[in-house]
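Coordinates in review
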Amino acid sequence: MATHYFPTDRVHYTWDAGHEPVLSVDDGDTVVVWTRDVSDDQIGPDSDVSVLDGMDMGRLYPLAGPIYVNGASAGDTLAIEILDIHTQGWGWTAILPELGLLPDDFPDPYLRIFDLSRGDFAWFREDIAIPIEPFFGTMGVCAAGAQEQSVMPPGNFGGNLDIRQLVRGTTLYLPVQVDGALFSCGDAHAAQGDGEVCVTGIESPMYAALRFTLERGRAIPAPQYRTTGPLTPRVDGGGFYATTGVGPDLYAGAQDAIRAMIEHLGDAHGLSREDAYLLASLCVDRKISEIVDAGQYIVSAALPDAVFV
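Residues numbered from 1 in each chain as written. Predicted model: local features only at pLDDT ≥ 70, side-chain atom pairs only at ≥ 80, totals over all residues. Heavy atoms only, no water.

1. Notes on the nonpolar core
Stated formally: What is meant by a nonpolar core is a set of buried Ala, Val, Leu, Ile, Met, Phe, Trp, Tyr and Cys residues, joined one to another through side-chain atoms within 4.5 Å. Burial classes follow relative accessibility: with a 1.4 Å probe on protein chains only, a residue under 20% of its type's maximum area counts as buried, one over 50% as exposed, and anything between as partly exposed. Secondary structure is summarised from DSSP: a helix means a run of H or I of at least four residues, a strand means a run of E of at least two, and numbering begins at the N terminus for each.
Core analysis: the biggest nonpolar cluster contains 53 residues, and Leu78, Phe136, Met139, Phe183, Leu210 and Phe212 have the highest contact counts within it. For this core, the element with the most residues is strand S16 (residues 206-215), which contributes five residues.

2. A word on the sheet that holds strand S13 (residues 158-159)
Strands pair in a sheet through their backbones, by hydrogen bonds, and they do so in one of two ways: parallel or antiparallel. The test is simple: DSSP calls a pair of strands paired once it identifies at least 2 bridges connecting them.
Taken together, the five strands give an open sheet; going across it, the order is S3-S5-S15-S11-S13, and neighbouring strands pair in mixed fashion. Bordering the open sheet on either side are strand S3 (23-25) and S13, each of which pairs with just one other strand. Alignment of strand S11 (residues 135-140) against S13, held across two bridges, turns out to be antiparallel. The residue bridging Met139 from the neighbouring strand is Gly159, located in S13.

3. A few points about the sheet that holds strand S20 (residues 297-304)
Spelled out, the test is: Where helices are involved, their axes are fitted lines through C-alpha atoms of the stretch in contact, as for all axes, and angles between N-to-C directions lie from 0 to 180°.
Ordered in space as S18-S20-S19, the three strands form an open sheet in which the pairing is antiparallel. At either margin of the open sheet sits one strand with a lone partner, and together these are strand S18 (240-247) and strand S19 (285-290). Each strand of the sheet is rotated relative to its neighbour by a mean of 25°, with strand direction disregarded. Examined bridge by bridge, S19 and S20 share five bridges and lie antiparallel to one another. By the bridge assignment, Asp285 is partnered in S20 with Ala302.

4. Section: unusual backbone geometry
Of note, the amide linkage connecting Gly65 to Pro66 takes the cis form, showing an omega dihedral of -5°. Mapping Pro66 onto the fold places it in strand S5 (residues 63-69). Note the cis peptide between Met152 and Pro153, where omega equals 0°. Structurally, Pro153 can be placed in the loop between strand S12 (149-150) and S13. You will see that Asp40, though not glycine, has its phi angle at about 65°, which is positive. Its place among the elements puts Asp40 in the loop between strand S4 (30-35) and S5. Unlike most non-glycine residues, Tyr61 shows phi in positive territory, near 65°. Examined against the element boundaries, Tyr61 turns out to sit in the loop between S4 and S5.

Here you go:
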């Protein structure tokens, strides 16, 4: 079982079965990767909001890969264990026009830069500390027949999953669809709430060590994962304040729950609407609380008290 180091100068921006593998590994091998932030270094620690107007959108989602897993073929499952993952000291969160859960409510760009070098927290304000819990927003094998396929949205092959529980110690299981699996990763986040409502978490360049295990003949329909502990261990010690959305449409319910949360954060904590939207994206968790009652469904948005210090 060998350890490989993925070259930092090799990235790709789409899923494509024709991409040449950068690295080949065996069952049980570990790969160390250093990934760029989702903007492909177009945003830096000294950037201001003006940088958003000139971004080359074709450079978003630079992925480290593809990694060819010897012996993998369609119908197998690839297990990726996150052995270690760390930020590289800084990150950013933004409102990007026309994107996110509430694009009509927030038509203007907005950017916050975070210093992540001070410890285990990202300080949103002097009295608001968001736990740093790094993970890759995008982890996937190549989809069968993919040709210049956008990284967004995800699929049953994985991709832009944005599952905040894919932290150190978690194992992600992906259904192999092409020979060698052709695994790639990137779009790393230092923190994110379930839902990533403003379309960004704390986007950050990242270091990680991943171990690959091939489960031959085990077919799964879509990504699955196993954690080694509670889903939100850093905030479970305190209470939560939750808002809800009620109605026949889960998407509209999620929007209503977040609008109510933004109002609460402004009234109770003095945040601007923009900062409230960002904070909701970074630490508020969306939950489907009820989905069985005659077309009237409940979506909750839960804000952890633990972030207020």
